Amino acid sequence: MAEGHPPDLLADLHREGLLAPTPIPVTPHDGSGRVDLAFSVQDPAGNATPRAVRVPPGVTVFDAGSWNGIAIDSTCGGHGTCRKCKVRVTPGDGPITAHDRRTFSDSELTQGWRLACLVKATTDLEVLVPPLLTRPKAATVGVGRQVILRPAVQKRYVELAEPSLSDQRTDQRRLFDAIDDLELHADLSVLRRLPGVLRASDFKVTVVIVDETVIDIEPGDTRTARHAIAFDLGTTTVVATLLDLETGTPLAVSSMLSKQQPFGGDVISRISATMLDPAALPRLQEAAAASLRELATEVCAEAAIDPRTVYEVAIAGNATMTALLLGIDPEPLGVAPFVMSAADFGPQLAADLGLVADPVAMHPRARAMLFPSLGAYVGGDIVAGMLATGMDRDKRCRLFIDVGTNCEIVLSSGDTLVATAAPAGPAFEGGAIRCGMRAADGAIEVVRLDGGFETVADAPSSTTGPVELGVIGDVPPRGLCGSGLVDAVAELVRVGLLDASGRFVPDDTARQIAPGLADRLTRIGQERVFVLHRPTPEAPVEECVYLSQRDVRELQFAKAAISTGWTLLLAELGLTADDVQQVLLAGSFGSYLSPASAVRIGLVPSLPVLRIVSAGNVAGEGAKMALLSLRERAGAEALLEEVQYVELSDRADFNDRFVEQLAF
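Rules of the game
- Residues numbered from 1 in each chain as written.
- Predicted model: local features only at pLDDT ≥ 70, side-chain atom pairs only at ≥ 80, totals over all residues.
- Heavy atoms only, no water.
- 1 Å grid on protein atoms, 1.4 Å probe; cavity = no way out; pocket = protein on both sides within 12 Å on 5 of 7 lines; lining within 4 Å.
- Points joined across faces, edges and corners; volume = space filled by probe spheres on them.
- Helix = DSSP H or I, 4+ residues; strand = E, 2+ residues; numbered from the N terminus.
- Salt bridge = Lys/Arg side-chain N within 4 Å of Asp/Glu carboxyl O.
- Buried < 20%, exposed > 50% of the residue type's maximum accessible area, 1.4 Å probe, protein only.
- Core = buried A, V, L, I, M, F, W, Y, C linked by side-chain atoms within 4.5 Å.
- Contact = heavy atoms within 4.5 Å.
- Pairing = 2+ DSSP bridges.
- Axes fitted to C-alpha atoms, helices over the stretch in contact; angles between N-to-C directions.
- Parallel < 35°, antiparallel > 145°, perpendicular 65-115°, else oblique.
- Nonpolar A, V, L, I, M, F, W, Y, C, P; charged D, E, K, R; others polar.
- Phe/Tyr/Trp six-rings, centres within 6.5 Å; stacked < 30°, edge-to-face > 60°.

S.K.: Explanation requested: empty space enclosed by the protein in the structure shown.
M.R.: Rolled over the atoms, a probe sized like a water molecule indicates the empty space that remains. Within the structure shown, the criterion is met by 2 cavities of 30 Å³ or more. Taken as a whole, the second largest cavity encloses approximately 90 Å³ of empty space. Looking at the second largest cavity, it is lined by 14 residues, and the ones nearest its centre are Ala319, Ala323, Leu333, Met340 and Ser341. Per-element accounting of the lining of the second largest cavity gives the leading share, 3 residues, to helix H9 (residues 319-326).

S.K.: Can you help me understand the pattern of salt bridges in this one?
M.R.: Counting across every chain of the model gives 31 salt bridges. The partner of Asp415 in a salt bridge is Lys395, with the nearest N and O atoms 3.3 Å apart. On the criterion of sequence distance, the pair formed by Asp415 in the loop between strand S19 (406-412) and strand S20 (417-423) and Lys395 in the loop between helix H11 (380-389) and strand S18 (398-402) is long-range, its members being 20 residues apart. Each member of the pair, Asp415 as well as Lys395, is classed as exposed.

S.K.: Any chance you could explain the nonpolar core here in plain terms?
M.R.: General note: in soluble globular proteins, nonpolar side chains tend to be found buried as a group. Grouped together as the largest cluster of nonpolar side chains are 76 residues, with contacts concentrated most on Ile401, Phe428, Val489, Leu497, Phe530 and Ile562. Of all the elements, helix H14 (residues 549-572) adds the most residues to this core, at 10 residues. Not counting residues up to four positions away in its chain, the partners in contact with Ile401 are Cys407, Glu408, Ile409, Ile562, Trp566, Val583, Leu584, Leu585, Ala586 and Val604. By size, the runner-up hydrophobic cluster in this structure holds 50 residues, among which are Val153, Ile215, Leu628 and Val643.

S.K.: Looking at this structure, how should I read the sheet that holds strand S26 (residues 527-533)?
M.R.: Where strands meet in a sheet, backbone hydrogen bonds hold them as pairs that are either parallel or antiparallel. Pairing is antiparallel across the open sheet formed by 3 strands, whose spatial order is S25-S26-S27. The sheet terminates laterally at strand S25 (521-524) and strand S27 (545-548), the two strands that pair on one side only. Neighbour-to-neighbour, the strand axes of the sheet open up by a mean angle of 45°, direction not taken into account. In the sheet, S25 pairs with S26 via 4 bridges, with the strands oriented antiparallel. The residue of S26 that forms the bridge with Arg523 is Arg528. In this fold helix H12 (residues 482-495) packs onto S26 and S27, with an angle of close to 65° to the strand it touches most, S27. Of the strands in this sheet, S26 and S27 are in contact with H14, which crosses S27 at around 65°.

S.K.: For this particular structure, what's the right way to read the packing of helix H7 (residues 267-276) against helix H8 (residues 280-303)?
M.R.: The axes of two packed helices give the description: the angle between them and the distance between them. Interaxial distance between H7 and H8 falls to 7 Å at its minimum, and their mutual angle equals 140°. Compared by their axis directions, H7 and H8 come out oblique. Each of Arg270, Ala273 and Thr274 in H7 lies in contact with H8, whose residues at this interface are Ala280, Leu281 and Leu284. The residue inventory of the contact of H7 with H8, partitioned by class, reads 4 nonpolar, 1 polar and 1 charged.

S.K.: Looking at this structure, how should I read the packing of aromatic side chains?
M.R.: One pair of aromatic rings is described through two measures. These are the centre distance and the angle between the planes. For the structure on display, the rule yields 4 aromatic pairs. Ring centres of Phe557 and Phe658 lie 6.4 Å apart, and the angle between their planes is 25°; this geometry places the pair in the stacked category. Placement of the pair is Phe557 in helix H14 and Phe658 in helix H19 (residues 654-660), with a sequence separation of 101 residues. Look at Phe557 and you get partly exposed, because its relative accessible area is 43%. Grouped by ring-pair contacts, the aromatic residues Phe557, Phe654 and Phe658 constitute a single cluster.

Right under this line is the structure:
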């Protein structure tokens, strides 16, 4: 019994829906594969916009929508208590929770109506999303985080008394007196426009304020047009999310490969480019700015809004990408002792970063908020991720891992936060892998041996005997992306064709333990390889998609660097892997990594797969939170003082621990 509540009151609270009942159990997934969700998003006129997304199994429909910029009503933070996130799923024969039964009639339940925050996507679904019926005071973003709307961007509509001989206050004083709850000051551009706009609009204007700076005066009442853009400035991919600051809802999402790609696929290559050629820095700066401008133009066009109503942007990027965007020499970041020019850059004008240009991408006086960095290799994207996941607000022992070429790791004991970066190398992005490629059409993303596809949501795109493959785009395989690489190695370890040292077993042993797979073990020259896909029965091995012994070693070194990072952080706080209660896999690759495979190869601590959470694009989610709430923005700044940065290269025991972590 809940302390302090008599039994009859508890019954009343349950009956009224004010206490959350225990949901009906859902069959656990095995942490592998992908799920395709076909959203159909309705507007108030009844028109539907299709959106197809792909997420790991076990993610709720609400989170799947939130990660991809699909607004679903909610005010409770995804706990099922507000009963606003109503969607219709097809097929509609999935588990029904007690919350669902209180919310919908039997007929509606039969039709597939469910609360999106309680539907776990374990199979492919079609999801009808009704139009938003309310203008919420709060928004649910991040990993189940609820943010009270209090953006830095405000709009105040005022109707001013016209000047007279008895009232000769200046135009500026007249305006500021009407908004006496703020200590306002105005940009020079506003003072230049002020006299003409006031008189042309009969002194009825909307004042656009960012923090306490007036950045524009608009004729009439324009309060409902108030937007911002959250940018995830990744090394490989840049993502933009357009937000309606009135409701806190995303209006459009777009992404693209960084225009800095010609300078190299990783930050070290780009730092080297600036060291070899002084002219490279301004070109890299313009490439970063051009990526953001193009995305801003795209999301505004998709949402059919005037770009001039975008008054603020938030940018979450690693320390090198942030420095390049600002035009700051990144060389000190690439050489010992790895020093940043600054950890926190404060508010900037978007125009000074090159984000305002033809065609108009946003308001000419828009502000830019850049996330602070903890260290040269734990940057603003990780601070944004910590904000989105509430790493500083949860009392559980949690491990946050952003898997990539440079892998950032954060550990929280519930009271103390420590962070580090591990040099994982390019294997997770398909680099240095013989048949490696990025996660594009034709990339193998799921591998199952022995025909074990029963629990995988994707229909296999390629099935040949005991090897079944999930391929992006459902086209013939062309290569192997990071998640497929991890799956392939994990499966080969599971069936015994790779031993604990990461070596392919001898042919005789292979024929004994896996006779259906042994013929796929062959050689290219002196190197042993395992054939995953043969385009034709007669195709030579060189034309196949295969995994080589060297590929296994590349992954082995990458996973050892990462697991060494989190084991050292655990030791720093006097903890062991058994103390970890949740693992959050972040970033674009982490979101599609199979938890089961990650556990099998030792990339993450050995936990039940349901405690290994694909957190999605948490850098972008953190950027959204900073735009929606000044309180959350202050929380991001506070993390600079709360997190202890641990430099792995300075640890005498790093090499010994690295060798210990090499084994599968």
